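# Descriptive analysis of the structure
Take a look at the letters that make up each chain.
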Amino acid sequence: MTRRFADYPATRTRRTRRTPALRALTREERLSCDDLIWPVFVCDGTGVTQEVASMPGVIRRSVDLTVEAAAEAWDAGIPAICLFPYTDPALKTDLCEEAWNPENLSNRAIRAIKAEVPDIAIMTDVALDPYNAQGHDGIVRGGVIVNDESVEALVRMALAQAEAGADILGPSDMMDGRIGAMRAALEEAGHVDVSIMSYAAKYASAFYGPFRDAVGASGALKGDKKTYQLDPANAREGLLGVEMDLAEGADMVMVKPGMPYLDMVTRVKEAFAVPTYAYQVSGEYAMIRAAAGNGWIDGERVMMESLMAFRRAGCDGVLTYFAPEAARLIRAG
Ligand code: PBG
């Protein structure tokens, strides 16, 4: 590489770090409320909130309170909310029929939010795990997560979400061919403007533990998700997944988890230059909260630093449970 800098002392890197004004002038990245997508957990009932033990500060809300939360998020400058339902275990079956019930919790929440807070973008989760008696993201037959039958079910689920008014579908299931199948079905049904943010590089990660408690999936899950989620050792395979999802019609792509996989964000952004997102997942949130709660780190500063790191890596946005708190701090300047 050609040298662009003179040697010390002609170059003193500390000159531009000397004052807040100079640091502001030379800052390369900015974190704005526009970068935030807020994942929320929805439960049954009215006026109900439930704490999630493994995610201090995160609550499940009934639909009415989710609508209020969406309104507050929109007022705080957060452009998008992502819904995850806590499904009654009695509704979980092996064929996951509740997933495409137009009246399921998620679809009711979409309609209720659209009616009251029409401007906020609503993102969904397309995966069968909340509805699956087996706890997996796809249909299980003889101990195998069957791909093509799962894709058919996921397409039904996606169509029901689009019908309810979702703006962005978030397939997190990692079945092969699901993006193409969803895109074709959406076109066919006239939902030509519904976006897909594919969980394109989603790793088989232990960082999802607290989430599975939050949606009540940990009890049902038998085994692990390694036959469909990526091996944490694999970067090249992650890029292949992104390329395939884009070819099949994804509008935006996601890397997940976030902080331990920032290298993938940078590689994806450099290779494809498409809207790229990361999910700062439940385990990442829980670690920061736990350390902050014990007084071991400064929670606010670590939160903001972690979110800035996503920007620096190349993210156009981040799914983060910190969204409301981060928005408040960004607004306060
Ligand atoms: C499953 C799904 C998961 C998350 C989002 N969608 C968990 C999993 O794959 O087991 C994890 C999110 C988080 O940990 O915050 N469809």
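Further up the page is the structure itself.
Cut-offs used in this document
- Residues numbered from 1 in each chain as written.
- Predicted model: local features only at pLDDT ≥ 70, side-chain atom pairs only at ≥ 80, totals over all residues.
- Heavy atoms only, no water.
- Helix = DSSP H or I, 4+ residues; strand = E, 2+ residues; numbered from the N terminus.
- Expected span 1.5 Å × (residues − 1).
- Buried < 20%, exposed > 50% of the residue type's maximum accessible area, 1.4 Å probe, protein only.
- Contact = heavy atoms within 4.5 Å.
- Near = heavy atom within 4 Å.
- Polar contact = N/O pair within 3.5 Å; in protein donor to acceptor, adjacent residues only side chain to side chain.
- Areas by Shrake-Rupley, 256 points an atom, 1.4 Å probe, with all protein chains shown as cover.
- 1 Å grid on protein atoms, 1.4 Å probe; cavity = no way out; pocket = protein on both sides within 12 Å on 5 of 7 lines; lining within 4 Å.
- Sits in = over half its atoms within 2 Å of the grid points.
- Phe/Tyr/Trp six-rings, centres within 6.5 Å; stacked < 30°, edge-to-face > 60°.
- Lys NZ or Arg CZ within 6 Å of the ring centre and 35° of its normal.
- Patch = residues over 30% accessible without salt bridge, like charges linked within 9 Å, V, L, I, M, F, W, Y side chains within 5 Å.
- Salt bridge = Lys/Arg side-chain N within 4 Å of Asp/Glu carboxyl O.
- Lys, Arg positive; Asp, Glu negative; His and termini not counted.
- Charge placed at Lys NZ, Arg CZ, Asp CG, Glu CD.

With 12 residues, helix H9 (residues 282-293) ought to run about 16 Å at 1.5 Å a step, and its terminal C-alpha atoms sit 16 Å apart, in line with that. Of all the residues in H9, the buried ones are Ser282, Gly283, Glu284, Tyr285, Ala286, Ile288 and Ala291. Residues of H9 that are buried sit in contact with helix H6 (209-214), strand E11 (276-280) and helix H10 (299-313). Glycine 295 sits one or two residues past H9 and shows a positive phi near 75°.

Another aspect to go through is the site of the ligand. The full set close to the ligand counts 17 residues, and Lys202, Arg212, Lys256, Ser282 and Tyr321 are the nearest of them. The side chain of arginine 212 places a nitrogen or oxygen atom 2.7 Å from an oxygen atom of the ligand. Between the ligand and serine 282, the relevant distance is 2.7 Å, taken from an oxygen atom to a side-chain nitrogen or oxygen of the residue. Across the complex, the protein chains shield 100% of the 400 Å² of accessible surface that the ligand would expose by itself. According to the grid-proximity analysis, the pocket containing the ligand is the largest cavity.

Within the structure shown, the criterion is met by 10 aromatic pairs. An aromatic cluster of three or more residues is present, and its members are Phe41, Phe84, Tyr199, Phe211, Tyr279, Tyr285, Tyr321 and Phe322. In this arrangement the basic side chain of arginine 156 is found over the ring face of tryptophan 100, its NZ or CZ atom lying 5.0 Å from the centre. One Lys or Arg, lysine 256, reaches over the ring of tyrosine 208 and ends 4.5 Å from the middle of that ring.

On the surface, Arg12, Arg14, Arg15 and Arg17 cluster together into a patch of positive charge. Relative to the elements of secondary structure, arginine 14 occurs in the segment before helix H1 (20-26). Take arginine 14: its relative accessible area is 68%, and that puts it in the exposed class.

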